[in-house]
Amino acid sequence: MNTFTARVELHSANPNDYNNLYTEMQKESFIAAGEKAETGNVEFKSKDKLSIRDVIDAVVRAASKTGKKFSFTVMRDKNLDKLESRMRYHLQH
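The following paragraphs examine the structure supplied in this document. (Residues numbered from 1 in each chain as written. Predicted model: local features only at pLDDT ≥ 70, side-chain atom pairs only at ≥ 80, totals over all residues. Heavy atoms only, no water.)

## A look at the side chain of S46
Next, step 1: With respect to the helices and strands, the residue S46 is situated in strand β3 (residues 41-46).
Next, step 2: Residue contacts for S46: discarding those within four places in its chain leaves N2, T3, F4, S29 and F30. (Helix = DSSP H or I, 4+ residues; strand = E, 2+ residues; numbered from the N terminus. Contact = heavy atoms within 4.5 Å.)

## Some points on the packing of aromatic side chains
Next, step 1: In total, this model carries 2 aromatic pairs according to the counting rule given.
Next, step 2: One Lys or Arg, K36, reaches over the ring of Y22 and ends 5.1 Å from the middle of that ring. (Phe/Tyr/Trp six-rings, centres within 6.5 Å; stacked < 30°, edge-to-face > 60°. Lys NZ or Arg CZ within 6 Å of the ring centre and 35° of its normal.)

## Quick look at the pairing of β3
Next, step 1: Residues V42, F44 and S46 of β3 are buried on one face, while the alternating residues N41, E43 and K45, pointing to the opposite face, are not.
Next, step 2: As judged from the 6 bridges shared by strand β1 (residues 4-10) and β3, these two strands associate in the antiparallel manner. Across the sheet, the residue bridging to V8 is V42, located in β3.
Next, step 3: Bridge count for strand β2 (residues 31-32) against β3 is 2 bridges, and the pairing is antiparallel. Bridge assignment links A32 to a residue of β3, and that residue is F44. (Buried < 20%, exposed > 50% of the residue type's maximum accessible area, 1.4 Å probe, protein only. Pairing = 2+ DSSP bridges.)

## Observations regarding the environment of A33
Next, step 1: Residue position: A33 is located in the loop between β2 and β3.
Next, step 2: What makes A33 partly exposed here is its relative accessible area of 28%.
Next, step 3: Considering only alpha carbons, one finds A33 and S46, 13 residues apart in sequence, at a separation of 9.7 Å.

## Side note on the nonpolar core
Next, step 1: Among the nonpolar cores identified, the biggest contains 17 residues, and V8, L21, M25, F30, V42, F44 and V59 are the most heavily contacted of them.
Next, step 2: For this core, the elements supplying multiple residues, two or more each, are β1, α1 (15-27), β3 and α2 (52-64).
Next, step 3: Ranked by residues supplied to this core, first place goes to α2 with 5 residues.
Next, step 4: Residue contacts for V59: discarding those within four places in its chain leaves A6, V8, M25, F30, F72 and V74. (Core = buried A, V, L, I, M, F, W, Y, C linked by side-chain atoms within 4.5 Å.)

Now the structure itself:
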């Protein structure tokens, strides 16, 4: 299963706008990655989306509902367990 990280920043926003963002992102099945912030970039994780396009669409829907301009970045997380297993295999052989 793919895991994605989304970082969102609301422009000219106040703490209440960020509370709304957290609520809307949760409705889109994102969870906060770390402590809640009231300014700047906030990070969310998603495990249930199939593609990066699904994640992008969900972020846009959620951030748009705050009524603020926003910017965001979405990344697909690498599965470190698989990478570590491959590295161990190559080191042992």
